[in-house]
Amino acid sequence: MNKKLQEIANAIFPEINLTMNDLENKYPKRDLPENAIVTRFAPSPTGFLHTGSLFTSLVSYRFAKQTNGVFFLRLEDTDQKREIKGSGDKVIEQLKTFGIVPDESYMDENTPYGPLVQSKRKEIYHAVIKSMIATGDAYPCFCTHDDLAATRKHQEKNKLLPGYYGKFATCRHLNPNDVLERIQNGDDFVIRFKSNGKDDQRVSFTDAIRGDIEFPENILDIVIMKSDKLPTYHFAHVVDDHFMRTTHITRGEEWMSSAPIHLEMFDRLNWQRPIYAHFPVIMKLDDGKRRKLSKRKDEEASVDYFLEKGYPIEGFLEYLMTLANSNFEEWRIQNPESNIYDFELSFNKMSLDGALFDIEKIKSISKDRLSIMDATSFTDKALTYAKKYEPRLQELIELDRDYFEAIINIGRNQKKPRKDHEKYSDVFSFVSFMYDKYFYEMIQVLPFSDRFDSQLIKDILDEYMKDTGLKLDQNEWFNKLKNKAVERKFAARPKDYKKNPDEFIGHVGDYAEIIRIASCGKPDTPNFYDILQILGEERVIERIKYTKNLL
Ligand code: GLU
């Protein structure tokens, strides 16, 4: 070992006694089954949870669970200018909402491979850098912004590859004595990795999703520690994922072109390369063209959007599974009742050219999921939603839970259940007419068809109030209603009316609609008989009487 380099390393990090060996011993290889996947989600706390990040974390989480491995959450907070306080905690909460609970998280004090917050790992980064300086794999760089700008200008002018490398990497060639003196003088510096890459050589690796990949070698002496003594992403990724014993780096494809930098560092440190899996970016069709789902332009790029609208969690997760693996949907058709996590994800079934985000599909999956949920679970979940986002719905549910559940139960437990709801924010306007507070408000605007004069409407309502038939079963009740309609010259079947419209006033549906409007305030409701039963005869008559007086 070069003594001068060791002196420089000591001068830069006098307080660091931790060695690479200490670190290897402190963070040994994890004791897991042979094929267990250790992976992670590593958000930077810069704001909301992106839909694409939820996708990446769900898939990473599933890979770890499927193989009895470990999924952990690391907070990458080294860019303190961009940090938004509290956004890391919010991410944890949102992941939890989707059932994604990391085995180890940056919130836990005593994780065996922690701390999992980068700003608390300075000592580890510094120990590795100290060792790299001593071995000549890293060096301090004193170049100022102006120096770097001048180099860039020269490179641009001469059409050369921009960046800090080769003869442009001036601090790489400084005399060690001068370096030591400048450090002792307190000059500002950053630390750079000393690349051995050649521009005519290539580096290859096997991406778990994309197969064999080849790139030109990295030749840049990239910054690994900034002047604030915090590491850059490139370096922190390598150090953290080595000492956290990550087996699979699951990250967005925007990182793929930096892989040569990371691979070179793993190789130079004599550390085993992890497996990379670069996930497809989530795309959106915009005016027929594919583009990235964008934080700025698309509200659906934020997971919050779906939570606020109340899309059912299970529907959203199911949708993400369809995005993840092309054979999921086929499996789903064969296993409609199974837990989605009985499906085994595979890396090689992931799409390569960007997964297309399809809101219509989310809607349709959500409708399906909500329709097959039992009324009790539906009510529980609607209430959880309402408590957070819709107080007036919360009020209705809490007023009388059984009553609410009875409404939600209409048309539910049958072969083809009704698909009334796409999301929990649809529920309030769906049920409100069942509550007097809202019914009497709604009925102030009468939605009767102007094909029938008000005297006829009044007569029909009177006739119904006299004998509602609500003690009868549904068939008998309907037959009775139909007979009354026929007596008043309404056709018994819509198609009879359509054939001979001049012979009738309307058809039985029109007749029932008059009673429906008077008792529900609107012409469209789920099964009318069930609605009337839930309201109860007394309230039905009260409502109809009130409506009649408005005519
Ligand atoms: N903090 C990085 C990001 O948010 C993580 C990339 C990675 O997973 O390695 O993009």
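Look up a bit, the structure's there.
The rules behind the values
Residues numbered from 1 in each chain as written. Predicted model: local features only at pLDDT ≥ 70, side-chain atom pairs only at ≥ 80, totals over all residues. Heavy atoms only, no water. Helix = DSSP H or I, 4+ residues; strand = E, 2+ residues; numbered from the N terminus. Salt bridge = Lys/Arg side-chain N within 4 Å of Asp/Glu carboxyl O. Buried < 20%, exposed > 50% of the residue type's maximum accessible area, 1.4 Å probe, protein only. Polar contact = N/O pair within 3.5 Å; in protein donor to acceptor, adjacent residues only side chain to side chain. Phe/Tyr/Trp six-rings, centres within 6.5 Å; stacked < 30°, edge-to-face > 60°. Lys NZ or Arg CZ within 6 Å of the ring centre and 35° of its normal. Near = heavy atom within 4 Å. Areas by Shrake-Rupley, 256 points an atom, 1.4 Å probe, with all protein chains shown as cover. Nonpolar A, V, L, I, M, F, W, Y, C, P; charged D, E, K, R; others polar. Core = buried A, V, L, I, M, F, W, Y, C linked by side-chain atoms within 4.5 Å. Contact = heavy atoms within 4.5 Å. Pairing = 2+ DSSP bridges. Expected span 1.5 Å × (residues − 1). Arc of directions from axis to C-beta. Axes fitted to C-alpha atoms, helices over the stretch in contact; angles between N-to-C directions. Parallel < 35°, antiparallel > 145°, perpendicular 65-115°, else oblique. Left-handed = near helix turned anticlockwise from the far one by under 90°.

## Things to note about unusual backbone geometry
The peptide bond linking Gly 114 to Pro 115 adopts the cis configuration, its omega dihedral lying at 0°. Locating Pro 115 in the fold gives a position in the loop between β3 (104-105) and α5 (122-134).

## Details of the pattern of salt bridges
This model, assessed by the stated rule, comprises 44 salt bridges. Here Asp 221 makes a salt bridge to Arg 172, at a shortest N to O gap of 3.0 Å. Pair noted here: Asp 221 is in the loop between β7 (211-216) and β8 (223-225) and Arg 172 is in the loop between α6 (145-157) and α7 (176-185), with a separation of 49 residues, a long-range link. Judged by its relative accessible area of 0%, Asp 221 falls in the buried class. Using a relative accessible area of 24% as the deciding quantity, one classes Arg 172 as partly exposed. The partner of Asp 496 in a salt bridge is Arg 493, and the shortest N-O contact between them spans 2.9 Å. The class for Arg 493 is partly exposed, based on a relative accessible area of 43%.

## What about helix α16 (residues 401-409)?
Within the span of α16, buried status applies to Tyr 403, Phe 404, Glu 405, Ile 407 and Ile 408. The N-cap residue of α16 is Asp 400: its side-chain oxygen and the backbone nitrogen of Asp 402 are 3.3 Å apart.

## What about the packing of aromatic side chains?
Applying the stated criterion across every chain yields a total of 32 aromatic pairs. Between Tyr 27 and Phe 243 the ring centres are 6.0 Å apart and the planes differ by 50°, which places this aromatic pair in the tilted class. A residue pair is termed long-range when its members are at least 10 positions apart, and Tyr 27 in the loop between α2 (20-26) and β1 (38-41) and Phe 243 in helix α8 (residues 233-243) qualify at 216 residues. On the basis of relative accessible area, Tyr 27 is assigned to the buried category, the value being 1%. Members of the aromatic cluster, joined through ring pairs, are Phe 98, Tyr 305, Phe 306, Tyr 311, Phe 316, Tyr 319 and Phe 357. Looking at Arg 62, its charged tip hangs above the ring of Tyr 341, at a distance of 4.1 Å from the centre. The residue whose ring lies beneath Lys 295 is Phe 48, and the NZ or CZ to ring-centre distance is 5.6 Å.

## What to know about the site of the ligand
With respect to spatial proximity, the complete set of residues near the ligand consists of Arg 40, Ala 42, Ser 44, Glu 76, Tyr 233, Arg 251 and Trp 255. For the ligand, a nitrogen atom lies 2.8 Å from a polar atom in the backbone of Ala 42. Between Ser 44 and the ligand, the recorded distance is 3.0 Å, taken from a side-chain N or O atom to a nitrogen atom. Within the complex, 80% of the 300 Å² of free accessible area of the ligand lies under protein. Among the residues forming the shell around the ligand, the class breakdown is 3 nonpolar, 1 polar and 3 charged.

## A closer look at the nonpolar core
In this structure, Val 128 and Ile 224 are the most contacted members of the largest nonpolar core, which totals 107 residues. Among the elements that make up this core, the one with the highest residue count is α5 (8 residues). Excluding anything up to four places from it in sequence, Ile 224 contacts Ile 129, Met 132, Ala 138, Ile 191, Arg 192, Phe 193, Leu 230, Pro 231, Thr 232, Phe 235 and Met 265. By size, the runner-up hydrophobic cluster in this structure holds 53 residues, among which are Leu 383, Leu 456, Ala 512 and Val 540.

## Concerning the sheet that holds β1
With parallel pairing, 3 strands are arranged side by side in an open sheet as β1-β2-β3. Bordering the open sheet on either side are β1 and β3, each of which pairs with just one other strand. When strand β2 (residues 70-73) meets β3, the two strands line up parallel, connected through 2 bridges. Along β3, the bridge assignment pairs Phe 72 with Glu 104.

## Describing helix α14 (residues 375-389)
For α14, with 15 residues, the first-to-last C-alpha span of 20 Å sits near the 21 Å given by 1.5 Å per residue. Of all the positions in α14, only Ala 375, Phe 378, Thr 379, Ala 382, Leu 383, Tyr 385 and Ala 386 are classed as buried. All buried residues of α14 project into a common sector of 170° when viewed along the axis, lining one side. Residues of α14 that are exposed and point more than 90 degrees away from the buried face comprise Thr 384, Lys 387 and Lys 388. Where α14 begins, the side chain of Asp 374 points an oxygen toward the backbone nitrogen of Thr 376, at a separation of 3.1 Å.

## Some remarks on the packing of helix α1 (residues 3-12) against α7
Relative orientation of the contacting elements α1 and α7 amounts to 15°, with a least axis distance of 10 Å. As judged from the angle between their axes, α1 and α7 are roughly parallel. As α1 packs across α7, the resulting crossing turns out to be left-handed. Along its contact with α1, which presents Lys 4, Glu 7, Ile 8, Ala 11 and Ile 12, the element α7 presents Pro 176, Asn 177, Val 179, Leu 180 and Ile 183. When its residues are assigned to classes, the contact of α1 with α7 shows 7 nonpolar, 1 polar and 2 charged.

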